[in-house]
Amino acid sequence: MTTPTDAIPAGGRVLDRLAATPTSLGHVAVHFRPGERELATRFFQLLGARVREFPNALSDEPIYIVAMDGVEPDRADNIIYLFALKPAQIELEAAITEALAMGTDHQHPALTAFLDHRNSWPESYLHFGLHFAALEELEAAVGRMRAEMESDPAFGARIQSMQVLRARGGEDDREIEERMAASPVFAGAEYAYGRNGVQVHIRTDLFATGLALFGSVVELDFVFTGPGREHNAFNTL
């Protein structure tokens with residue numbers, strides 16, 4: 001196992017110590033296309049989130065607060081704000097789509113190369129990850145998502161892909177290998193990049209984490225912990 005070191009940019013400096021109190025990721029803000037709020041909120045409900053609707057003074061569409069923490073949904077962190085795309089962004093994306101001939105026989109080659117590589121390596125591009133404290137909850141969420149995709153073609157058509165990757169344990173870690181073999185989701189899947197964790201990459205255009213025309217990638221994670229296992233799988237690379 002390698003010993004991690006703090007990265008110091010050339011000519012830069014780092015603080016002498018970490019913050020004395022915990023800092024968490026407070027929220028991310030994502031956007032649905034006007035008129036598609038029901039499809040977008042359903043995605044997060046299938047993952048087990050609590051979704052609440054509030055009036056939006058700046059839009060005819062409401063704003064939603066998506067609480068991913070089912071145990072403490074009223075916390076100020078682990079929140080996703082979901083609201084409609086602004087007209088200015090819709091106009092900009094229409095101009096970009098036209099300029100790059102997106103989706104046509106004359107699509108710009110740089111766009112084609114970007115989309116092909118992003119689709120092959122979704123975790124290496126802009127995405128956000130949701131960590132599950134229990135593997136069973138993650139498996140149930142994937143099961144609900146797959147069932148909804150099958151029962152509702154309109155919803156299923158908006159999920160472009162779902163990449164499932166199983167956990168790779170240490171050489172003598174039979175528990176992880178046996179749990180993966182028994183999993184209704186991960187049995188037979190390829191291995192994840194790091195050790196001790198599973199990954200599910202869902203590619204969808206139900207909401208935007210940047211430009212809506214490129215869609216979004218949501219990663220679902222669970223990490224096995226315990227003696228001999230790093231809490232952060234990438235610590236062992």
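Draft legend 1. Region of the structure containing the pairing of strand S8 (residues 197-204). Within S8, eight of the eight residues are buried, leaving the element largely enclosed by the surrounding structure. Of the two faces of S8, the one lined by Gly197, Gln199, His201 and Arg203 and the one lined by Val198, Val200, Ile202 and Thr204 are each fully buried. As paired strands, strand S6 (residues 159-166) and S8 are joined by six bridges and run antiparallel to one another. Within S8, the residue paired with Gln163 across the bridge is His201. Of the pairings in the sheet, the one linking S8 to strand S9 (residues 216-223) comprises eight bridges and is antiparallel in character. Opposite Thr204, over in S9, you have Ser216 as the bridge partner.

Draft legend 2. Structural view of the sheet that holds strand S7 (residues 190-191). With respect to topology, five strands assemble into an open sheet ordered S5-S9-S8-S6-S7, the strand pairing being mixed. Edge strands, defined here as strands with exactly one partner in the open sheet, are strand S5 (128-131) and S7.

Draft legend 3. Local environment of the sheet that holds strand S4 (residues 79-84). As summarised here, the arrangement of the four strands in space is S1-S4-S3-S2, forming an open sheet in which the pairing is mixed. In this open sheet, the two edge strands, each paired with only one partner strand, are strand S1 (27-32) and strand S2 (50-54). Taken pair by pair, the neighbouring strands of this sheet meet at an average axis angle of 25°, ignoring direction. In this sheet, strand S3 (residues 63-67) lies alongside S2 in antiparallel orientation, the contact comprising five bridges. Within S3, the position partnered with Arg52 by the bridge is Ile65.

Draft legend 4. Inspection of the packing of helix H1 (residues 37-46) against helix H4 (residues 135-151) at higher detail. Packing of H1 against H4 leaves a shortest axis separation of 9 Å and a crossing angle of 145°. The segment H1 lies against H4, with Arg42, Phe43 and Leu46 engaging Ala141, Arg144, Met145 and Glu148. Class assignment for the residues of the contact of H1 with H4 results in four nonpolar, no polar and three charged.

Draft legend 5. Examining the pattern of salt bridges more closely. With the rule as written, the count across this model stands at 13 salt bridges. Among the salt bridges present, the one from Arg158 reaches Glu36, with a minimum N-O distance of 2.8 Å. Of the two residues, Arg158 sits in the loop between helix H5 (153-156) and S6 while Glu36 sits in the loop between S1 and H1, which places them 122 residues apart along the sequence. Each member of the pair, Arg158 as well as Glu36, carries the same accessibility label: buried. The network of salt bridges with shared partners includes Glu38, Arg42, Glu148 and Asp152.

Draft legend 6. Examining the side chain of Asn56 more closely. Mapped onto the elements, Asn56 comes out in the loop between S2 and S3. A polar atom in the side chain of Asn56 sits 3.0 Å from the backbone nitrogen of Leu58. Contact partners of Asn56, with chain neighbours within four places excluded, come to Glu61, Pro62, Ile63 and Phe83.

Draft legend 7. Just the packing of aromatic side chains, in detail. This model, assessed by the stated rule, comprises eight aromatic pairs. These aromatic residues form a ring-pair network of at least three members: Phe43, Phe44, Phe128 and Phe207.

Draft legend 8. Spotlight on the confidence of the model for the protein chain. Looking at the protein chain as a whole, the pLDDT averages 90, with 90% of positions reaching at least 70. Summarising per-element confidence for the protein chain, the mean pLDDT is lowest in helix H3 (residues 109-120) (93) and highest in H4 (98).

Draft legend 9. View of the nonpolar core. Membership of the largest hydrophobic core comes to 41 residues, with the highest contact counts inside it found for Phe43, Phe44, Leu82, Leu138, Phe186, Phe207 and Leu220. Aside from chain neighbours lying at most four places away, what touches Phe44 is Val30, Ala49, Val51, Val66, Met68, Ile80, Leu82, Phe128 and Phe207.

Draft legend 10. The arrangement of the environment of Ala141 in detail. Tracing the sequence through the fold places Ala141 in helix H4. Sequence separation of Ala141 and Gly48 is 93 residues, and the distance between their C-alpha atoms is 6.7 Å. The contact partners of Ala141, leaving out residues within four places of it in the chain, are Leu46, Leu47 and Phe132.

Draft legend 11. Examining the environment of Arg158 more closely. Arg158 sits in the buried class, given a relative accessible area of 14%. C-alpha separation for the pair Arg158 and Ala40, spaced 118 residues apart in sequence, amounts to 9.8 Å. In contact with Arg158, not counting residues within four places along its chain, are Arg33, Glu36, Leu39, Arg203, Thr204, Asp205 and Leu206.

Reading guide: rules and limits
- Residues numbered from 1 in each chain as written.
- Predicted model: local features only at pLDDT ≥ 70, side-chain atom pairs only at ≥ 80, totals over all residues.
- Heavy atoms only, no water.
- Buried < 20%, exposed > 50% of the residue type's maximum accessible area, 1.4 Å probe, protein only.
- Helix = DSSP H or I, 4+ residues; strand = E, 2+ residues; numbered from the N terminus.
- Pairing = 2+ DSSP bridges.
- Axes fitted to C-alpha atoms, helices over the stretch in contact; angles between N-to-C directions.
- Contact = heavy atoms within 4.5 Å.
- Nonpolar A, V, L, I, M, F, W, Y, C, P; charged D, E, K, R; others polar.
- Salt bridge = Lys/Arg side-chain N within 4 Å of Asp/Glu carboxyl O.
- Polar contact = N/O pair within 3.5 Å; in protein donor to acceptor, adjacent residues only side chain to side chain.
- Phe/Tyr/Trp six-rings, centres within 6.5 Å; stacked < 30°, edge-to-face > 60°.
- pLDDT = per-residue confidence, 0-100.
- Core = buried A, V, L, I, M, F, W, Y, C linked by side-chain atoms within 4.5 Å.

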